[in-house]
Amino acid sequence: MSEFFHMGGYGAYIWSAMATALVLMLLEPMMLVVKRRAVLKDIKRIKRLEERQNRKN
Amino acid sequence: MNFYPLAGKLIPIFWLAAIVLTAIGLYWGFFKTADAMDNGMKEYYRIIYVHVASAWMAMWLYAVMVAWAMIGLIFNTRLSFMMASATAITGTIMTIIALVTGAIWGKTSWGTWWDWDPKLTTFLILLFVYIGYIALQSAIDDTRRSDKASALLALVGLAIVPVIYYAVNCPDPNQCASLHQESSLKRVESNILIGMLVTTLGFWMYSFATILMRARNIILERERNTSWVSKLNEVN
């Protein structure tokens, strides 16, 4: 098993390349989810404000 | 807007396909390639799976982005422009992955992280074109104008894609030095090729998933004042 991670002495290079791809490809969807929540929250807030305004009129 | 709910249904399917295909591709590449290792291949070539997959996607997504932008310019469809800008960031991320994994691979096989080799240099320009597109789009407040201006920039930048492709096919080593090996699928051992192609398919499915997620975000942002958005389950 440790031989597998050692990769004939190139383990550090191979695994850091894989980790770069993994980290970026996890960060991107995470940021998309954060963005979606923020946009939805904003839409809800404006909707509530409008409803309050309509009731006053 | 039928696209929004449809995209929402497709996203989990693309995620599943992305995870399964990438896992199979990498498994194949790491565990089924003993033959290639016997022929004296060094272990570091295994970087090929993420490097080639991300580099191909970086160039392909650029072409896809230009296609959406052109459809937007010709038919004046808002959704096409939204798809174009949704594609740009995933393309940028693929370009960064290709450059970083390429640098790591370069360090092992050429002994240097970076060289102003034609392929590397043109690929760096691709990154700048992507960033230029995103920057131009966010610099102009009026969405219709920013869509059109950035679409034109994307079209001009398209010139770099064939240059990247041909940058390694140097006919005479005395005329043009090129460290980056020629891209020739015929010379790749078949099990490595399977690993490479399946991982690329996985990255492609990943791109579909993230681009659709971003397109939905852009739609919500741009259409926030319409009645169909206020009727969505998400905001009630």
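What counts and how
Residues numbered from 1 in each chain as written. Chains lettered and ligands numbered in written order. Predicted model: local features only at pLDDT ≥ 70, side-chain atom pairs only at ≥ 80, totals over all residues. Heavy atoms only, no water. Helix = DSSP H or I, 4+ residues; strand = E, 2+ residues; numbered from the N terminus. Polar contact = N/O pair within 3.5 Å; in protein donor to acceptor, adjacent residues only side chain to side chain. Contact = heavy atoms within 4.5 Å. Buried area = accessible area lost by both parts, 1.4 Å probe. Salt bridge = Lys/Arg side-chain N within 4 Å of Asp/Glu carboxyl O. Nonpolar A, V, L, I, M, F, W, Y, C, P; charged D, E, K, R; others polar. Phe/Tyr/Trp six-rings, centres within 6.5 Å; stacked < 30°, edge-to-face > 60°. Buried < 20%, exposed > 50% of the residue type's maximum accessible area, 1.4 Å probe, protein only. Axes fitted to C-alpha atoms, helices over the stretch in contact; angles between N-to-C directions. Parallel < 35°, antiparallel > 145°, perpendicular 65-115°, else oblique. Patch = residues over 30% accessible without salt bridge, like charges linked within 9 Å, V, L, I, M, F, W, Y side chains within 5 Å. Areas by Shrake-Rupley, 256 points an atom, 1.4 Å probe, with all protein chains shown as cover. Core = buried A, V, L, I, M, F, W, Y, C linked by side-chain atoms within 4.5 Å.

## Quick look at the side chain of Thr122(B)
All names here are of chain B.
(1) Moving on: Tracing the backbone shows Thr-122 in helix H5 (residues 118–139).
(2) Moving on: A polar atom in the side chain of Thr-122 sits 3.0 Å from the backbone oxygen of Lys-119.
(3) Moving on: Leave out the neighbours within four places in its chain, and Thr-122 touches Ile-160, Val-163, Ile-164 and Ala-167.

## Considering the interface of chain A and chain B
(1) Moving on: Listed per partner, the contact involves 26 residues of chain A and 38 residues of chain B.
(2) Moving on: Across the chain A to chain B interface the summed buried area is about 3000 Å²; carbon plus sulfur atoms make up 74%.
(3) Moving on: On inspection of chain A and its partner chain B, the count reaches 4 salt bridges.
(4) Moving on: Among the salt bridges present, the one from Asp42(A) reaches Arg224(B), with a minimum N-O distance of 3.0 Å.
(5) Moving on: For the interface between chain A and chain B, the tally reads 10 residue pairs in polar contact (both at pLDDT 80 or more).
(6) Moving on: Counting residues per element, the side of chain A that touches chain B draws most heavily on helix H2 (residues 11–56) of chain A, which supplies 22 residues.
(7) Moving on: Within the side of chain A that touches chain B, the residues separate by chemical class into 17 nonpolar, 3 polar and 6 charged.

## Examining the packing of aromatic side chains
(1) Moving on: This structure, assessed with the given rule, holds 12 aromatic pairs over all chains.
(2) Moving on: Pairing Tyr13(A) with Trp113(B) gives two aromatic rings, centres 6.5 Å apart and planes at 45°, and the pair type is tilted. With one member in each of two chains, Tyr13(A) in helix H2 and Trp113(B) in the loop between helix H4 (78–109) and H5 form a pair that bridges those chains.
(3) Moving on: You can call Tyr13(A) partly exposed: its relative accessible area is 26%.
(4) Moving on: Aromatic side chains Tyr62(B) and Tyr130(B) sit 5.2 Å apart centroid to centroid with 75° between the ring planes, which places their arrangement in the edge-to-face category. Here the residue Tyr62(B) occupies a position in helix H3 (residues 48–75), and Tyr130(B) occupies one in helix H5, the gap between them amounting to 68 residues. An identical accessibility class is assigned to Tyr62(B) and Tyr130(B); each is buried.

## What to know about the packing of H2(A) against H4(B)
(1) Moving on: Here H2(A) crosses H4(B) at 170°, and the two axes come no closer than 9 Å. In terms of their interaxial angle, H2(A) and H4(B) are classed as roughly antiparallel. On H4(B), the residues touching Tyr13(A), Ser16(A), Ala17(A), Thr20(A), Ala21(A), Leu24(A), Met25(A) and Glu28(A) of H2(A) are Ile89(B), Thr90(B), Ile93(B), Met94(B), Ile96(B), Ile97(B), Val100(B), Thr101(B), Ile104(B), Lys107(B) and Thr108(B).
(2) Moving on: Its residues assigned to classes, the contact of H2(A) with H4(B) comprises 12 nonpolar, 5 polar and 2 charged.

## Brief notes about a nonpolar patch on the surface
(1) Moving on: Judged by side-chain polarity, Leu22(A), Val23(A), Leu26(A), Leu27(A), Met30(A) and Met31(A) come together as a nonpolar surface patch covering roughly 600 Å² of accessible area.
(2) Moving on: Here Val23(A) shows up in helix H2.

## Quick word on the nonpolar core
(1) Moving on: In this structure, Ile48(B), Tyr62(B), Met65(B), Met94(B), Phe123(B), Leu126(B) and Leu220(B) are the most contacted members of the largest nonpolar core, which totals 76 residues.
(2) Moving on: Where this core is concerned, the elements lending two or more residues are H2 of chain A together with helix H1 (3–31), H3, H4, H5, helix H6 (143–157), helix H7 (160–166) and helix H8 (190–222) of chain B.
(3) Moving on: It is H3(B) that provides the largest number of residues to this core, a total of 15 residues.

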